[in-house]
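# Chain and residue survey
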Amino acid sequence: MNILDAHFVPAVDGVAYGLLLFVVAAGLSLAFGTAGVLNLSHGTLYAIGAYTGAELSDGTWGGLAVGLAAGTAAAAAAGAGLSAATIPLARRGHLAQALLTFGLALIGGNLLIEFFGADELPVRVPEALDSSVTLLGHRYPAYRLCFILMAVLLAAFGTWVLTRTRVGAAVRASADDPQMLATTGHSPRAVHTGVLAAAGALAGAAGVLGAPIIGPGAGTADTVLMLSLVVVVLGGLRSLWTTLFAAIAVGEVQTLGVSVAPDWAPYLLFAAMAAVLILRSQFTEPATSGAHGGGDGGADPVEWLRRRLSASFKGRGAGAGETAPVRSGPGADGTTVADKAAESGSGSRGRLPWLLRGGGADGDLASRVRQAAPLLVLLGVLIALPTLLDAYTISLAGSALALGLLAVSVTILTGYAGLPTLGQTAPFAVGAYATANLADAGWTVGPVQIVVAAIAAALFSLVTGPAVIRARGTTVLMITLAIGELASAAINQLKSVTGGADGLVGFPPTQALWGGEGMVDESEVYNYALAVAVVAVAVTLLVLRSPAGKLLTGTRNAEARMRASGHPVGRYLLMAHIGAGALAGVGGSVMVTVQQYLSPADVGFEIAAFALLAAVIGGNTSVVGALIGAGLIVITRDWVASSWPGHGHLLLGVLFVAAVYLLPRGLAGLRGGPGSGGRAAAKAERPPSDHDSTPAGKVAP
């Protein structure tokens with residue numbers, strides 16, 4: 001009985017906390033399930049209500065009512081504005097929406113801090129509620145008890161509106177069949193705007209009423225967003241009541257769980273989220289070509305690849321003085337075998353690195369030079385940087401190389417494997433902490449650190465890969481997000497290895513090679529980081545341009561055909577996941593060498609979003625573009641923002657929004673010229689998607 005008494009108040013607190021999350025998550029579920037918008041700025045809508053309510057609260061009922069009305073209206077207006085912002089992205093999928101709304105969240109969060117200040121605001125409730133009542137022999141805050149009552153009534157009212165009213169019928173119809181809704185005289189766009197305004201109103205009202213529970217502060221929006229995502233994933237999108245039960249469960253973990261099992265509580269939420277998503281994906285057929293990347297509807301790419309390899313082998317066997325017989329008739333994909341042989345090259349040229357292939361047609365050589373030009377120009381610029389920049393800017397360039405390797409690993413998964421990810425910071429963190437601990441133990445030789453970091457990150461990706469590779473689309477984003485958050489929780493808990501929230505600092509500098517001195521000069525460290533990045537990118541490009549890389553793009557564009565042809569698609573995706581993880585681990589090792597310290601913020605969710613943005617800026621299948629995108633992010637975050645202190649997130653948010661709107665296919669999509677025709681041109685005529693326009697079998701440098 002004493003145990004029950006000790007945990008009674010935390011249990012009731014969990015109900016109040018969970019009901020607060022329910023009100024917020026109901027809006028998030030409404031936006032995603034009905035309007036089809038993956039809104040990563042939903043926590044900011046809560047913060048708008050919380051800040052507004054706290055600012056207007058004066059300890060009276062009138063102040064509470066005015067704050068509730070103003071906060072709800074402000075968040076509803078922001079939700080309506082979000083509708084206008086996302087409508088142009090309706091045909092581009094959830095990845096573009098996620099990046100846009102994350103950018104808007106950065107902008108909104110910075111503006112709130114600028115207007116209300118960085119300190120948490122005090123919230124004054126009416127005197128009648130600012131007291132305690134006796135509940136089953138325990139004293140409990142009256143306000144929280146009142147909030148529990150209001151949240152239950154709100155759940156009942158929301159269910160009634162959605163299921164029993166004409167407004168609810170229109171909302172459900174807009175999700176199920178917008179065209180049929182339009183024939184009844186209702187505007188789907190107006191319903192879309194109304195749904196997002198209602199979702200914003202729910203978040204704003206929750207912010208006003210929940211401010212005494214989750215108060216307005218610098219990290220409020222992130223906390224509310226993450227917990228709401230967990231609630232929506234656990235509760236699903238079909239019923240408000242299942243969302244309610246999931247929210248209460250999450251609330252209990254956050255309060256009672258911390259009281260009963262403090263060491264395990266940080267893992268429970270995201271472990272449960274990942275488990276639910278994985279189980280759902282296990283009972284769902286893997287995505288077909290349309291869901292996975294949108295093939296062009298042409299012939300089977302596996303057959304194309306087989307014929308291409310066959311032509312290459314025949315060319316080798318024919319010898320230098322013979323020509324392999326080539327059919328002139330069209331193949332299954334509408335192109336001739338001669339065309340395919342010309343595209344792939346024949347004879348010994350197929351054995352040489354792509355940049356050095358010669359002796360072919362002038363047009364083929366010119367095309368290869370055009371493909372190599374961006375990479376060579378970028379390499380020349382990077383080599384010249386130490387002679388042009390000061391020490392601080394050189395260190396920023398080294399950080400950009402580390403983030404660039406992480407972005408390239410995201411490009412492999414998002415652009416080539418069709419697995420959009422928000423969790424690559426997990427293997428990135430594994431490589432980073434492995435390097436820091438090696439250095440602390442006296443293993444300071446750079447190549448050793450790189451190899452160990454890559455192996456450790458690859459093993460981590462091998463363990464987590466089976467949970468990722470079966471899911472597709474938004475489910476992959478959520479699973480990888482959960483993996484990343486679990487890694488963050490582990491970092492904060494395993495203090496003996498990671499240093500916890502304080503991070504790691506004071507370990508010896510890295511030696512470039514055996515027998516050398518530790519690198520302390522910024523130019524030396526940068527040159528080391530550049531050498532590692534060049535080798536890693538070169539290996540990545542060679543793999544992506546190999547038959548294995550072409551099989552990987554085949555799984556993205558025509559997965560169903562690949563499976564029907566007997567190819568082990570799951571094995572291909574797992575190998576891609578492991579390879580991308582190893583590359584991320586190398587990036588983490590480089591980051592530690594450049595910074596000479598490591599904190600949880602260096603491997604958190606924000607860095608994962610930056611890496612995904614860098615991949616999108618470059619074009620989802622452009623390795624060079626990902627590196628350039630990473631450079632733009634670091635320049636904006638650390639160099640430009642230094643001229644406008646306190647507004648780094650605002651500038652990054654503007655970069656997110658600009659990239660989504662102005663670069664739908666990334667920097668690689670801006671490249672035109674003779675080499676842009678054919679399938680690429682045809683694909684460019686289709687509505688933009690979350691994938692780059694580079695056709696399967698070609699790799700943008």
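You'll find the structure just up there.
Now for a description of the structure that goes with this document. (Residues numbered from 1 in each chain as written. Predicted model: local features only at pLDDT ≥ 70, side-chain atom pairs only at ≥ 80, totals over all residues. Heavy atoms only, no water.)

### Details of the overall build of the protein chain
Here is the rule we go by: Counting from the N terminus, the helices are DSSP H or I runs at least four residues long and the strands are E runs at least two residues long. Relative accessibility decides the category of a residue: with a 1.4 Å probe and only protein chains considered, values under 20% of the type maximum give buried, values over 50% give exposed, and everything between is partly exposed. Shrake-Rupley sampling with a 1.4 Å probe provides the accessible areas, and residues are treated as covered by the protein chains on show and by no other component.
Looking only at helices and strands, one finds 28 helices and four strands in the protein chain. Looking at the protein chain as a whole, 52% of its 701 residues qualify as buried. Summing over all exposed atoms, the protein chain offers an accessible surface of approximately 29,700 Å²; the carbon and sulfur share of this is 65%.

### Some remarks on the layout of surface pockets
The test is simple: Only protein atoms enter the 1 Å grid used here. Points where a 1.4 Å probe fits but cannot escape make up a cavity, open sets with protein on both sides within 12 Å along at least five of seven lines make up a pocket, and a residue lines them when an atom lies within 4 Å of a point. Grid points are joined across faces, edges and corners, and a volume is the space filled by probe spheres set on the points. Amino acid classes used here: Ala, Val, Leu, Ile, Met, Phe, Trp, Tyr, Cys and Pro are nonpolar; Asp, Glu, Lys and Arg are charged; the rest, including Gly, are polar.
As a volume, the second largest pocket reaches approximately 1,000 Å³. Considering the residues around the second largest pocket, the lining is formed by 38 residues, among which G219, A221, D222, T223 and M226 are closest to the centre. Those elements that provide at least two residues to the lining of the second largest pocket are helix 2 (42-56), helix 4 (93-116), helix 9 (220-235), helix 11 (265-282), helix 19 (474-493) and helix 25 (605-618). The greatest single-element share of the lining of the second largest pocket, amounting to seven residues, is contributed by helix 4. Residue classes in the lining of the second largest pocket are distributed as 22 nonpolar, 13 polar and three charged.

### A closer look at the environment of R139
For clarity, the cut-off: Contacts are assigned to residue pairs with any non-hydrogen atoms lying within 4.5 Å of each other. Identification of polar contacts relies on pairs of N or O atoms within 3.5 Å, with a donor-acceptor requirement for protein atoms, meaning one able to donate a hydrogen and the other able to accept it, and with residues adjacent in sequence counted only if both atoms are side-chain atoms.
In this structure, R139 sits in strand 2 (residues 138-141). R139 sits in the exposed class, given a relative accessible area of 53%. C-alpha of R139 to C-alpha of V9: the two residues are 130 residues apart in sequence and 8.3 Å apart in space. The contact partners of R139, leaving out residues within four places of it in the chain, are V9, S132, V133 and T134. Here S132 takes part through its backbone oxygen, which lies 2.7 Å from a polar atom of the side chain of R139.

### Things to note about the pattern of salt bridges
The criterion, for reference: A carboxyl oxygen of Asp or Glu within 4 Å of a side-chain nitrogen of Lys or Arg is what we treat as a salt bridge.
One pass over the structure, following the stated rule, counts three salt bridges. A salt bridge links R144 to D13, with the shortest nitrogen-to-oxygen separation between them at 3.1 Å. Here D13 lies in helix 1 (residues 2-33) and R144 lies in helix 5 (residues 142-164), a separation of 131 residues in the sequence. Accessibility expressed as a relative area gives 17% for D13, which makes it buried. For E559, the salt bridge identified is with R563, shortest N-O distance 2.8 Å. Of this pair, E559 and R563 both sit in helix 23 (residues 559-564), separated by four residues, roughly a single helical turn. The partly exposed category is assigned to R563, whose relative accessible area is 38%.

### Overview of empty space enclosed by the protein
With a probe scaled to a water molecule rolled over the atoms, the places where space remains empty come into view. All told, the structure shown has four cavities of 30 Å³ or more when counted by the stated rule. The wall of the second largest cavity is formed by 15 residues, among which T421, G423, Q424, T480 and H577 lie closest to the centre. Contributing elements (two or more residues each) for the lining of the second largest cavity: helix 17 (425-440), helix 18 (446-468) and helix 19. Of the residues forming the lining of the second largest cavity, the biggest block, four residues, is contributed by helix 18.

### Looking at the packing of aromatic side chains
Stated formally: Only rings of Phe, Tyr and Trp enter the pairing, Trp through its six-membered ring, and a pair is recorded when the two centres are within 6.5 Å. The plane angle decides the type: under 30 degrees is stacked, over 60 is edge-to-face, the rest tilted.
Considering all chains together, one arrives at six aromatic pairs under this definition. Centre to centre, the rings of F102 and F656 are 5.2 Å apart; their planes meet at 55°, and the pair counts as tilted. Taken as a pair, F102 in helix 4 and F656 in helix 27 (residues 648-662) lie far apart in primary sequence, 554 residues in all. Per residue, the accessibility class of F102 equals that of F656, and both read buried. For the ring pair F610 and F656, a centre distance of 6.1 Å and an interplane angle of 50° mean the geometry is tilted. Of this pair, F610 sits in helix 25 while F656 sits in helix 27; the two residues are 46 residues apart in sequence, bridging distant segments of the chain.

### Considering the side chain of T421
With respect to the helices and strands, T421 occurs in the loop between helix 16 (391-416) and helix 17. Beyond its immediate chain neighbours, meaning those up to four positions away, T421 contacts V410, L413, T414, L477, T480 and L612.

### Some details on the side chain of E559
The buried category is assigned to E559, whose relative accessible area is 0%. Here the side chain of E559 touches R563 through a polar contact of 2.8 Å, side chain to side chain.

### Let's talk about helix 17
Because the α-helix completes a turn every 3.6 residues, residues three or four places apart line up on one side. To keep it simple, the criterion reads: By this rule, a helix spans an expected 1.5 Å times one less than how many residues it contains.
The terminal C-alpha atoms of helix 17 lie 22 Å apart, and with 16 residues this matches the ideal 22 Å at 1.5 Å per residue to within 8%. The buried fraction of helix 17 is high, at 13 of 16 residues. Within two residues after helix 17, G442 carries a phi angle of roughly 100°, on the positive side.

### Brief notes about the pairing of strand 2
Heads up, the condition is: The rule for pairing is simple: two strands pair if DSSP sees at least two bridges between them.
The side-chain alternation of strand 2 yields one buried face, formed by H138 and Y140, and one unburied face, formed by R139 and P141. With four bridges connecting them, strand 1 (residues 132-135) and strand 2 associate as antiparallel partners. Directly across from S132, in strand 2, lies its bridge partner P141.

### As for the nonpolar core
Threshold: Buried Ala, Val, Leu, Ile, Met, Phe, Trp, Tyr and Cys residues form a nonpolar core when they are joined through side-chain atoms within 4.5 Å.
M273 and V590 are the most contacted members of the largest nonpolar core, which totals 162 residues. Here the element with the most residues in this core is helix 16; it accounts for 15 residues. The residues touching V590, leaving out its near neighbours within four places in the chain, are G398, A402, L405, I450, A529 and V532. In this structure, L45, I48, Y51 and A54 belong to the second largest nonpolar core, which totals 10 residues.

### Focus: the packing of helix 21 (residues 522-544) against helix 24 (residues 569-595)
Just so we agree on the cut-off: For helices, the axis comes from a line fit to the C-alpha atoms of the stretch in contact; other axes are also lines fit to C-alpha atoms, and the angle between any two N-to-C directions lies between 0 and 180 degrees. If an angle is under 35 degrees, it is roughly parallel; if it is over 145, roughly antiparallel; if it lies from 65 to 115, roughly perpendicular; otherwise it is oblique.
Remark: helix 21 packs on helix 24, axes separated minimally by 10 Å, with the N-to-C direction vectors making an angle of 175°. In this view, helix 21 runs roughly antiparallel relative to helix 24, as classed from their interaxial angle. In contact with V525, Y528, A529, V532, A536 and T540 of helix 21, helix 24 contributes L583, V586, V590, T593 and V594. Classifying every residue of the contact of helix 21 with helix 24 by side-chain character gives nine nonpolar, two polar and no charged.

### Re a nonpolar patch on the surface
Rules: Patch membership is restricted to residues that have no salt bridge and whose relative accessible area is over 30%. Joining uses 9 Å for like charges and 5 Å for the nonpolar side chains Val, Leu, Ile, Met, Phe, Trp and Tyr.
A cluster of nonpolar residues, Y392, I635, W639 and V640, forms a patch on the protein surface that exposes about 390 Å² of accessible area. Broken down by element, the nonpolar patch gets its largest block of residues, three residues, from helix 26 (residues 623-640). Mapped onto the elements, V640 comes out in helix 26.

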